[in-house]
Amino acid sequence: MIGSANYDLVLGVSHRPAPGETVLAASTEGHPGGKGANQAVAAARLGARVSFIGCIGGDSFGDVVTASLLRSGVDVSGVRRVAAPTATAVILLTPDGENSIVVSAGANASATIALVDDVSDVWSRAAVLVLQLELPLETVTYAASAAVARGVRVILNAAPAAALAAEVLAAADPLVVNENEAATLLGGYPADRDAAEVAAELLRLGARSVVLTLGARGAVLAEPGGLPEHVRGHAVPVVDTTGAGDAFVGALADRIAHGDALSDAVRFANGAAAFSVGRRGTQDSYPRREDVG
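Residues numbered from 1 in each chain as written. Predicted model: local features only at pLDDT ≥ 70, side-chain atom pairs only at ≥ 80, totals over all residues. Heavy atoms only, no water.

*Asks:* Looking at this structure, how should I read the sheet that holds strand S9 (residues 172-178)?
*Replies:* Whether parallel or antiparallel, the strands of a sheet pair through hydrogen bonds between backbone atoms. The six strands are arranged S7-S8-S9-S10-S11-S12 in an open sheet whose pairing can be described as mixed. The outermost strands of the open sheet, each flanked by one partner alone, are strand S7 (128-131) and strand S12 (229-231). Strand-to-strand twist of the sheet, defined as the mean angle between neighbouring strand axes without regard to direction, takes the value 20°. Direction of pairing for strand S11 (residues 219-222) relative to S12: antiparallel, over a ladder of three bridges. Bridge pairing links leucine 221 to glutamate 229 in S12. Where helix H5 (residues 137-149) meets the sheet, it contacts S7 and strand S8 (153-157), and its direction lies at approximately 170° from that of S7. Strand contacts of helix H10 (residues 262-277): S9, strand S10 (210-213), S11 and S12, with the helix running at about 25° to S12, the strand carrying the most contacts. (Pairing = 2+ DSSP bridges. Helix = DSSP H or I, 4+ residues; strand = E, 2+ residues; numbered from the N terminus. Axes fitted to C-alpha atoms, helices over the stretch in contact; angles between N-to-C directions. Contact = heavy atoms within 4.5 Å.)

In structure tokens:
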């Protein structure tokens, strides 16, 4: 995993504030987070051999993030301490389990192309390299191309939503996006558009394969030469959706690294995400192998 590491400040609120409104939080919690670190922990808790590459600050938040990675069995030899604060996310969590998130990049902005080269021995022999978009885009672009050149399969979670260069899309196998992120890549689409059509159009953008996540409705996958396939989700009580997408990506990476077909990997990842939403927090909510059927 080459990605972001954050400290998450989670505020439980009755509703999201309107412009100019002050809302009192009913609860305050702090957790390690960041898409990259979350996905690394999610895969490691399922038994995968995982290395995490990224940047943290020399502060107590960085200590919390590192401790969680180590506790989950993640190799942190590719983690660098830099002269910037550890990235911070403020998460507003409403009673229905939905969230709104604001992220300050902090040390994540120091994850440069030079870092990718400096730790190439960590990732260049991996079965898969997982990337997200909470790092500088030039770093993601370089890492994706470098991985393909070395024969490493790239899983690209294009989140947060951003436009991507053709060479980045061409490396993605799969490209993993939710509906909002898909709309950004496609320049928007009607809310009622068929998800299979959206996945097929994403594939035509140049990705090697596509997984379009649909929350509780599951996911649609698309591969060259075949029809898009809908893999149904799980109906479970929702406590907290924060980090569920990362649980999905980490589980997907675990199964792809073990040689599973994409449809089987998606089916397993749906189960991991469903387990996660039934528990509060991010990394601590992720399942062990025995928790996912």
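*Asks:* What should I look at first to understand the layout of surface pockets in this one?
*Replies:* Each pocket or cavity is described by its volume, and for the largest pocket that value is around 1300 Å³. As for the largest pocket, its lining consists of 45 residues, of which Asn178, Thr241, Gly243, Ala244 and Gly245 are closest to the centre. Broken down by secondary-structure element, the contributors of at least two residues to the lining of the largest pocket are strand S1 (6-12), helix H1 (35-45), strand S5 (87-93), strand S6 (99-104), S9, helix H7 (179-186), helix H9 (244-257) and H10. A total of five residues in the lining of the largest pocket trace back to one element, the largest contributor, which is H9. Taken as a whole, the second largest pocket spans an internal volume of roughly 490 Å³. Lining the second largest pocket are 23 residues, and of these Arg49, Val50, Ser51, Ala126 and Ala127 lie nearest its centre. Residue assignment for the lining of the second largest pocket shows that the elements contributing at least two residues are strand S3 (51-57), strand S4 (75-82), helix H4 (120-123), S7 and H9. Each residue belonging to the lining of the second largest pocket can be placed in one class, and the counts come to 14 nonpolar, four polar and five charged. (1 Å grid on protein atoms, 1.4 Å probe; cavity = no way out; pocket = protein on both sides within 12 Å on 5 of 7 lines; lining within 4 Å. Points joined across faces, edges and corners; volume = space filled by probe spheres on them. Nonpolar A, V, L, I, M, F, W, Y, C, P; charged D, E, K, R; others polar.)

*Asks:* What am I meant to see in the packing of aromatic side chains here?
*Replies:* Any aromatic ring pair is given by two values, namely how distant the centres are and how the planes are angled relative to each other. Evaluated as defined, the whole model comprises one aromatic pair. With a centroid separation of 4.0 Å and an interplanar angle of 5°, the aromatic rings of tyrosine 7 and phenylalanine 61 are classed as stacked. A residue pair is termed long-range when its members are at least 10 positions apart, and tyrosine 7 in strand S1 and phenylalanine 61 in helix H2 (residues 60-71) qualify at 54 residues. Lying across the ring of phenylalanine 268, arginine 255 places its NZ or CZ 5.6 Å from the centre. The ring of phenylalanine 275 is capped by arginine 279, whose NZ or CZ atom sits 3.6 Å from the centre of that ring. (Phe/Tyr/Trp six-rings, centres within 6.5 Å; stacked < 30°, edge-to-face > 60°. Lys NZ or Arg CZ within 6 Å of the ring centre and 35° of its normal.)

*Asks:* Can you walk me through the side chain of glutamine 283 in this structure?
*Replies:* Summarising the element assignment, glutamine 283 is placed in the segment after H10. Since its relative accessible area comes to 2%, glutamine 283 is described here as buried. Residues in contact with glutamine 283, not counting those within four places in the same chain, are Pro32, Gly33, Ala37, Asn38, Val41, Arg45 and Ser68. (Buried < 20%, exposed > 50% of the residue type's maximum accessible area, 1.4 Å probe, protein only.)

*Asks:* What's the story with the sheet that holds S1 in this structure? I'm lost.
*Replies:* With respect to topology, four strands assemble into an open sheet ordered S2-S1-S5-S6, the strand pairing being mixed. Bordering the open sheet on either side are strand S2 (27-33) and S6, each of which pairs with just one other strand. Shown here is a sheet whose adjacent strand axes are inclined to one another by a mean of 20°, direction ignored. Summarising the sheet, S1 and S5 pair through seven bridges and their orientation is parallel. Counted as the bridge partner of tyrosine 7 is threonine 88 from S5. Here H2 sits on the sheet and contacts S1, S2 and S5; the angle it forms with S1, its principal contact strand, is near 100°.

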